[in-house]
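A look at the structure
Chain by chain, the residues run as shown.
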Amino acid sequence: MTRHFGVFEFKPEITQEQIDESFAALVDLKNKIPGLQSVEHGPYKSDEGLNDGFTHGFIMTFDTAEDRDNYLPHPDHLKVVDLVQPRLARLVVFDFDL
């Protein structure tokens with residue numbers, strides 16, 4: 001099993017509607033990309049204050065690292081990148097195997 005997680009800092013001018021649209025597109029990939037088991041996401045929710053300005057996070061679970069590798073250049077994933085990336089001030093993505 002491979003986890004692919006990231007954190008987003010949306011640009012200040014991005015609306016909640018655009019944020020919702022971004023995550024809806026990300027979640028919909030589960031229906032389009034083989035081996036993508038789940039997509040979870042949400043806004044930062046802690047008083048700890050260690051988010052360094054990042055406002056939202058996501059976790060994707062893939063059956064295998066190969067499934068994740070196939071996801072990266074997948075045309076449906078690239079459409080989501082084209083939608084979401086211009087809305088971001090910063091992005092961090094990190095993968096690990098279980």
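Residues numbered from 1 in each chain as written. Predicted model: local features only at pLDDT ≥ 70, side-chain atom pairs only at ≥ 80, totals over all residues. Heavy atoms only, no water.

**With respect to the UniProt feature "domain: Stress-response A/B barrel" (unreviewed entry) in the chain**
Sites flagged by UniProt as "domain: Stress-response A/B barrel" (unreviewed entry) map to residues 2-96. The span residues 2-96 is 32% helical and 35% strand by assignment, and the distance between its end C-alpha atoms comes to 6 Å. (UniProt positions renumbered as here; feature names shortened; annotations may be inferred. Helix = DSSP H or I, 4+ residues; strand = E, 2+ residues; numbered from the N terminus.)

**Observations concerning the sheet that holds strand S1 (residues 2-10)**
On the basis of which strands lie adjacent, the open sheet formed by four strands has the order S2-S3-S1-S4 and antiparallel pairing. If you trace the sheet from one side to the other, it starts and ends with strand S2 (36-43) and strand S4 (88-97), each paired once. The average undirected angle you get between the axes of adjacent strands in this sheet is 15°. Taken together, the nine bridges between S1 and S4 define a ladder with antiparallel strand orientation. Its bridge partner being in S4, histidine 4 is matched across the sheet by aspartate 95. (Pairing = 2+ DSSP bridges. Axes fitted to C-alpha atoms, helices over the stretch in contact; angles between N-to-C directions.)

**What about the nonpolar core?**
Among the nonpolar cores identified, the biggest contains 18 residues, and Phe8, Phe10, Phe23, Leu26, Leu29 and Met60 are the most heavily contacted of them. Put simply, the parts of the chain that give this core at least two residues each are S1, helix H1 (16-28), S2, strand S3 (56-62) and helix H3 (75-84). Ranked by residue count, the leading element in this core is H1, at four residues. (Core = buried A, V, L, I, M, F, W, Y, C linked by side-chain atoms within 4.5 Å. Buried < 20%, exposed > 50% of the residue type's maximum accessible area, 1.4 Å probe, protein only.)

**What about the pairing of S1?**
The side-chain alternation of S1 yields one buried face, formed by Thr2, His4, Gly6, Phe8 and Phe10, and one unburied face, formed by Arg3, Phe5, Val7 and Glu9. Bridge count between S1 and S3: seven bridges; the pairing is antiparallel. When the bridges of S3 are listed, phenylalanine 8 appears paired with histidine 56.

**Comments concerning the side chain of histidine 56**
For histidine 56, the position within the fold is in strand S3. On the basis of relative accessibility, which here comes to 13%, the residue histidine 56 falls in the buried class. Within the structure, the side chain of histidine 56 is placed 2.8 Å from the side chain of threonine 55, a separation counted as a polar contact. Dropping the residues within four chain positions of it, histidine 56 is found in contact with Gly6, Val7, Phe8, Phe10, Ile19, Phe23, Gly42, Pro43 and Tyr44. (Polar contact = N/O pair within 3.5 Å; in protein donor to acceptor, adjacent residues only side chain to side chain. Contact = heavy atoms within 4.5 Å.)

**Side note on the packing of H1 against H3**
Two numbers describe how H1 lies on H3: the axes approach to 10 Å, and their chain directions differ by 170°. Regarding the angle of H1 to H3, the classification is roughly antiparallel. Taken together, the residues of H3 that come into contact with H1 (itself represented by Glu21, Ser22, Ala25 and Leu26) are Val80, Leu83 and Val84. Class assignment for the residues of the contact of H1 with H3 results in five nonpolar, one polar and one charged. (Parallel < 35°, antiparallel > 145°, perpendicular 65-115°, else oblique. Nonpolar A, V, L, I, M, F, W, Y, C, P; charged D, E, K, R; others polar.)

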